[in-house]
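# Overview (structure and organization)
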Amino acid sequence: MAGKKAAKVPRAAYEKELLRLQTELVKLQEWVRAEGARLVVIFEGRDAAGKGGTIKRVAEHLNPRIARIAALPKPTERERSQWYFQRYVAHLPAAGEIVLFDRSWYNRAGVEYVMGFCTREEYQLFMRQCPIFERMLVEEGILLRKYWFSVSDTEQQERFRRRLEDPLRRWKLSAMDLESITRWEAYSRAKDEMLVHTDIAEVPWYVVESDDKRRARLNMIAHLLDSVPYREVPPQVLELPPRPPSTGYERPPRDLQTYVPDHAASL
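This text gives an overview of the structure that appears in the document. (Residues numbered from 1 in each chain as written. Predicted model: local features only at pLDDT ≥ 70, side-chain atom pairs only at ≥ 80, totals over all residues. Heavy atoms only, no water.)

## Concerning the pattern of salt bridges
Counted according to the given criterion, the structure contains 24 salt bridges. With a shortest N-O distance of 3.7 Å, Arg-162 and Glu-155 are connected by a salt bridge. We classify Glu-155 as buried; its relative accessible area is 18%. In this structure, Arg-161 engages Glu-165 in a salt bridge whose closest nitrogen and oxygen atoms are separated by 2.8 Å. In this pair, Arg-161 and Glu-165 both sit in helix α7 (residues 153–165), four residues apart, roughly one turn of the helix. Judged by relative accessible area, Arg-161 falls into the partly exposed class, the value being 36%. (Salt bridge = Lys/Arg side-chain N within 4 Å of Asp/Glu carboxyl O. Buried < 20%, exposed > 50% of the residue type's maximum accessible area, 1.4 Å probe, protein only. Helix = DSSP H or I, 4+ residues; strand = E, 2+ residues; numbered from the N terminus.)

As structure tokens, then:
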């Protein structure tokens, strides 16, 4: 029913389907490697929208030599003097590679613009150049997918509260993250304007409803798999070789080496 909030995905169903989708992601990876394809996936959205958790599930069982995560820090003074897209180009994939952008060049359309880290002229130039830049990537043969994770204001605030209270996740919060609460409408307007200029036919935006993290992860991964025409690549046939007979090797005495203390024995 339209407007009705969907029930949270049960954990057992989520874990079963996630495993199936991750198995398909491995098949996608092997196809990318075998075909020499280049895949770029952009994850964007507000702070605490669930991007990081989804990226973690996407990459969990993939080969880090094939699929890598690009999470760029703030630009250096030298990088600020370059063409804006230049430092992102350096992270694009070569043949047989997948790159997952945990935030991307769209920083300029969001946090940089809202927080005043770029000028109005720089922002407008980005809006003009971005569709051209992305069409160039597509013309070059790169498979480019863009996902916007959409979280409600109440859910975002609750996630911030939980992070503040969790010593294992407190590092995820910064003063700028918390300031985004007071600039909710400014970020909303920036996102709407970004979509107007950059939701192009060649590289459309796909919005992921992310108040339910489990549902968001399953929906995003399933869509990515459906959007790429991959096929299963038969794995290389491997067999364990027989262990050769001993040639008389003897291990040195244990007291000649320093071992890690057995902390587990104290549990």
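## Section: the packing of aromatic side chains
Geometry of an aromatic ring pair is reported as the spacing of the ring centres plus the angle between the planes. Counted by the stated rule, this structure contains 17 aromatic pairs. On the numbers, 6.0 Å between centres and 25° between planes, the contact of Phe-43 with Phe-149 is stacked. Taken as a pair, Phe-43 in strand β1 (residues 38–45) and Phe-149 in strand β4 (residues 143–150) lie far apart in primary sequence, 106 residues in all. For the pair Phe-43 and Phe-149, one class covers both residues: buried. (Phe/Tyr/Trp six-rings, centres within 6.5 Å; stacked < 30°, edge-to-face > 60°.)

## Concerning the sheet that holds β4
Taken in spatial order, the five strands of this open sheet run β2-β3-β1-β4-β5, and their pairing is parallel. Strand pairing shows two members of the sheet lacking a second neighbour, β2 (67–70) and β5 (205–209), which therefore form its edges. Averaged over all neighbouring strand pairs, the angle between strand axes comes to 20°, with direction disregarded. Judged from the four bridges that link them, β2 and strand β3 (residues 97–102) form a sheet pairing that is parallel. The partner of Ala-67 across the bridge, within β3, is Ile-98. (Pairing = 2+ DSSP bridges. Axes fitted to C-alpha atoms, helices over the stretch in contact; angles between N-to-C directions.)

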